[in-house]
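# Chains, contacts and geometry: an overview
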Number of protein chains: 2
Amino acid sequence: MELILKMCTEAVIDAVHLNCRILGVGVSTGGRVNPQEGVILHSTKLIQEWSSIDIRTPISDALHLPVWVDNDGNCAALAEKKFGHGKGVENFVTIITGTGIGGGIIQHNELIHGSTFCAAELGHIMVSLDGPECMCGSRGCIEAYASGMALQKEAKRLHDEELLEVDGMVDLKKAESVSAIHLINAARLGNHKAEAVLRTAGMALGVGIINILHMVNPSLVILSGVLAAHYQAPVQQVIGQRALTSAQSIQVLTSDLEEPALLGAASMVLDYTTRRIY
Amino acid sequence: MELILKMCTEAVIDAVHLNCRILGVGVSTGGRVNPQEGVILHSTKLIQEWSSIDIRTPISDALHLPVWVDNDGNCAALAEKKFGHGKGVENFVTIITGTGIGGGIIQHNELIHGSTFCAAELGHIMVSLDGPECMCGSRGCIEAYASGMALQKEAKRLHDEELLEVDGMVDLKKAESVSAIHLINAARLGNHKAEAVLRTAGMALGVGIINILHMVNPSLVILSGVLAAHYQAPVQQVIGQRALTSAQSIQVLTSDLEEPALLGAASMVLDYTTRRIY
């Protein structure tokens, strides 16, 4: 928390030097967030000790500015709505495939937060009754099939079995560590094992997204994160094969925003501070 | 359509005899419905020719009454909201396990219809990348695992293989036809094959419902239809095992309404005609 306050203070000083007016502070964070209270209820495994943390009050007290907080998936959806493909779209969904998988659902121009702020946990849509183990304790979640972490795990497995490297690839012994990108490259160069892993990952993500279509029926799906460009075609294909006819016409786009979660945090500030209520 | 109009006219005559005032007509139907226009866009396989049918105009013209139309799953959710466990609950979901599986999602006290009126197609949530074939053309939908039709199919398969009947069951040769009820009875009497089928069905339905929780995070799940009482315990158990901690506290109740879809159709009439807009 001290580090966050220090960074905020420095950013304020920078802004003053640039002659910028600061409207407020937007915070995008992993885990489950109560945006009305500015409290992180329960965080992801990466920052496990962040549970029931009021992040709004200390920042607000230190900077004398209003503070808004939301989950990073929700923030990414807000960014698409204000700056990206979601502009003017009433119902859409954004899915971020990074280390994990997250996302946000916009319904009637508003985020769905749900009754315990646990909506849009899109990484934990399950597409298998068994399937690979997930960080959440369950199995068969799309995050366990299609996230960067899941692909890296498979890449490492293949590498350990000496099945990953193919002619034309950069020497993996020189690479710092095996990653999802190596898996994608191997598949492109004709490695059938790598292709099979990616096919299953694309299928799992596609089926997960169809589940979203059959539940909230958005008019647009936006993929973002490092793997977005890779997944766009397979996801569109799976939708064509397996969605109900009435959901097949959905557009699947790749985000053209950099850092959508951070842009979304900023958009909360812009939206709230410029909302005319008088 | 003629039959429907004839039945409506008879119902009107009956109502006059009973000295009842008729406020309007509510229609609950299978398939995808545009409730704003009163049009059935696309119907289920059971009544296949009903596509792009304006059902409101002929009824309204014949009876000189306002008409409201919606999908049966959505109507069932409206019924729970007005008369059932959903009274006063802002976010809830209802799931009907009958011949097929349908349902409705209430979010902020309103139905989610989606961008092409295809939301809440809860029977077609997929919980398997392959799994059993579904009527919709895909595979692994919860309807293909847990609907009355799916259980009947499995009951017939076991019966054909002479694996269904166990001591203590009514003689199945005398039974008119093998049904889901026989499967449930066989499992109760210790038939392991029947138990396994039901265990998989309950798991599939439970995982499908968790997918709903992780997407829209309602505070209540209401099961209705003939199989509701049977599924309540397994679904609650699967949620306890596999949902995110923050979604595990959800209540799963069995509906106590008879014919919720029809009650919901009636509730549309009541809600609209008694809504004060002046």
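Residues numbered from 1 in each chain as written. Chains lettered and ligands numbered in written order. Predicted model: local features only at pLDDT ≥ 70, side-chain atom pairs only at ≥ 80, totals over all residues. Heavy atoms only, no water.

### Topic: the relation of the copies chain A and chain B
Its rotation angle being 180°, the transformation that places chain A on chain B also includes 0.0 Å of axial translation and leaves an RMSD of 0.0 Å. Considering both components of the superposition, the chain copies are consistent with a two-fold axis. The share of interface residues of chain A whose copies in chain B are also at the interface is 100%, consistent with both copies meeting through the same surface. (Least-squares fit on C-alpha atoms with pLDDT ≥ 70 in both. Contact = heavy atoms within 4.5 Å.)

### Points about unusual backbone geometry
Residue and element names in this part refer to chain B. Positioned with a positive phi, Asn 109 is a non-glycine residue whose angle comes to about 70°. Of note, Asn 109 is situated in the loop between strand E7 (101-107) and strand E8 (110-111). Non-glycine residue Ala 120 carries a positive phi angle of around 60°. The exposure class of Ala 120 is buried, given its relative accessible area of 6%. (Helix = DSSP H or I, 4+ residues; strand = E, 2+ residues; numbered from the N terminus. Buried < 20%, exposed > 50% of the residue type's maximum accessible area, 1.4 Å probe, protein only.)

### Here's the deal with the pairing of strand E5 (residues 67-71) of chain B
Residues and elements named next belong to chain B. Across the five residues of E5, five count as buried, placing the element largely inside the fold. Pairing of strand E1 (residues 25-29) with E5 involves five bridges; the strand directions are parallel. Within E5, the position partnered with Thr 29 by the bridge is Asn 71. (Pairing = 2+ DSSP bridges.)

### A look at helix H9 (residues 260-273) of chain A
Residues and elements named next belong to chain A. Between its terminal C-alpha atoms H9 stretches 20 Å, which fits the 20 Å expected from 14 residues at 1.5 Å a residue. The complete set of buried residues in H9 reads Pro 260, Ala 261, Gly 264, Ala 265, Ser 267, Met 268 and Val 269. The secondary structure elements touched by the buried residues of H9 are strand E1 (25-29), strand E5 (67-71), helix H3 (72-83) and strand E9 (220-224). (Expected span 1.5 Å × (residues − 1).)

### Observations regarding the interface of chain A and chain B
Listed per partner, the contact involves 44 residues of chain A and 44 residues of chain B. In total, about 3500 Å² of surface goes out of reach between chain A and chain B, with carbon and sulfur atoms giving 59% of it. Summed over the shared surface of chain A and chain B, the result is zero salt bridges. Counting across the interface, chain A meets chain B through 38 residue pairs in polar contact (both at pLDDT 80 or more). Secondary-structure elements contributing two or more residues to the side of chain A that touches chain B are strand E7 (101-107) and helix H7 (192-216) of chain A. Top contributing element to the side of chain A that touches chain B by residue count: H7(A), with eleven residues. Looking at the side of chain A that touches chain B residue by residue, the classes come out as 24 nonpolar, 15 polar and five charged. (Buried area = accessible area lost by both parts, 1.4 Å probe. Salt bridge = Lys/Arg side-chain N within 4 Å of Asp/Glu carboxyl O. Polar contact = N/O pair within 3.5 Å; in protein donor to acceptor, adjacent residues only side chain to side chain. Nonpolar A, V, L, I, M, F, W, Y, C, P; charged D, E, K, R; others polar.)

### A short note on the packing of aromatic side chains
All names here are of chain A. Applying the stated criterion to the full structure yields two aromatic pairs over all chains. Pairing Trp 68 with Tyr 272 gives two aromatic rings, centres 5.3 Å apart and planes at 5°, and the pair type is stacked. With a gap of 204 residues between them, Trp 68 in strand E5 and Tyr 272 in helix H9 connect regions that are remote in the sequence. The class of Trp 68 is buried, set by a relative accessible area of 16%. Among the residues examined, Tyr 272 registers a relative accessible area of 43% and is labelled partly exposed. (Phe/Tyr/Trp six-rings, centres within 6.5 Å; stacked < 30°, edge-to-face > 60°.)

### Let's talk about the sheet that holds strand E2 (residues 32-34) of chain B
Two pairing modes exist for strands in a sheet, parallel and antiparallel, and in both the strands are linked by backbone hydrogen bonds. Residue and element names in this part refer to chain B. Strand order in this open sheet of three strands is E2-E3-E4, and the pairing throughout is antiparallel. The sheet is open, and its two borders are formed by E2 and strand E4 (53-54), each paired with just one other strand. As paired elements, E2 and strand E3 (residues 39-42) share three bridges and run antiparallel to each other. From the neighbouring strand, Arg 32 faces E3, where its bridge partner is His 42.

### Regarding the packing of H7(A) against helix H7 (residues 192-216) of chain B
Their axes nearest at 11 Å, the elements H7(A) and H7(B) cross at an angle of 75°. Taken together, the axes of H7(A) and H7(B) are roughly perpendicular relative to one another. The segment H7(A) lies against H7(B), with A:Asn211, A:Ile212, A:Met215 and A:Val216 engaging B:Asn211, B:Ile212, B:Met215 and B:Val216. Grouping the amino acids of the contact of H7(A) with H7(B) by side-chain chemistry returns six nonpolar, two polar and no charged. (Axes fitted to C-alpha atoms, helices over the stretch in contact; angles between N-to-C directions. Parallel < 35°, antiparallel > 145°, perpendicular 65-115°, else oblique.)

### Here we look at the pattern of salt bridges
Residue and element names in this part refer to chain A. Applying the stated criterion to the full structure yields ten salt bridges over all chains. The partner of Asp 271 in a salt bridge is Lys 82, and the shortest N-O contact between them spans 2.7 Å. Here Asp 271 is found in helix H9, whereas its partner Lys 82 is found in helix H3, with 189 residues between them in sequence. Using a relative accessible area of 30% as the deciding quantity, one classes Lys 82 as partly exposed. In this structure, Glu 161 engages Arg 157 in a salt bridge whose closest nitrogen and oxygen atoms are separated by 3.6 Å.

### Things to note about the environment of B:His42
Residues and elements named next belong to chain B. Its place among the elements puts His 42 in strand E3. The class of His 42 is partly exposed, set by a relative accessible area of 38%. Expressed as a C-alpha distance, the spacing of His 42 and Arg 32, which sit ten residues apart in the sequence, is 5.2 Å.

### Focus: helix H3 (residues 72-83) of chain B
Residues and elements named next belong to chain B. Taking 1.5 Å of rise per residue, twelve residues should cover 16 Å, and H3 covers 16 Å from first to last C-alpha, within 8% of that figure. Looking only at H3, the buried set comprises Gly 73, Asn 74, Cys 75, Ala 76, Ala 77, Leu 78, Ala 79 and Glu 80. Put simply, Asn 71 is the residue that caps the front of H3, since its side-chain oxygen is 2.7 Å from the backbone nitrogen of Gly 73.

### Some remarks on the domain arrangement of chain A
All names here are of chain A. Splitting chain A by domain gives domain 1 (2-75 + 260-273) and domain 2 (86-254). Of the residues lining the interface, twelve residues belong to domain 1; the matching set on domain 2 comes to twelve residues. In this assembly, domain 1 and domain 2 are joined by zero salt bridges. Our count for the contact surface shared by domain 1 and domain 2 stands at two residue pairs in polar contact (both at pLDDT 80 or more). Counting only elements with at least two residues in the side of domain 1 that touches domain 2, the list comes to strand E2 (32-34), E5 and H3. The dominant element in the side of domain 1 that touches domain 2, judged by the number of residues it contributes, is E2, at three residues. The residue makeup of the side of domain 1 that touches domain 2, split by class, is four nonpolar, five polar and three charged. (Domains from an automatic or database assignment.)

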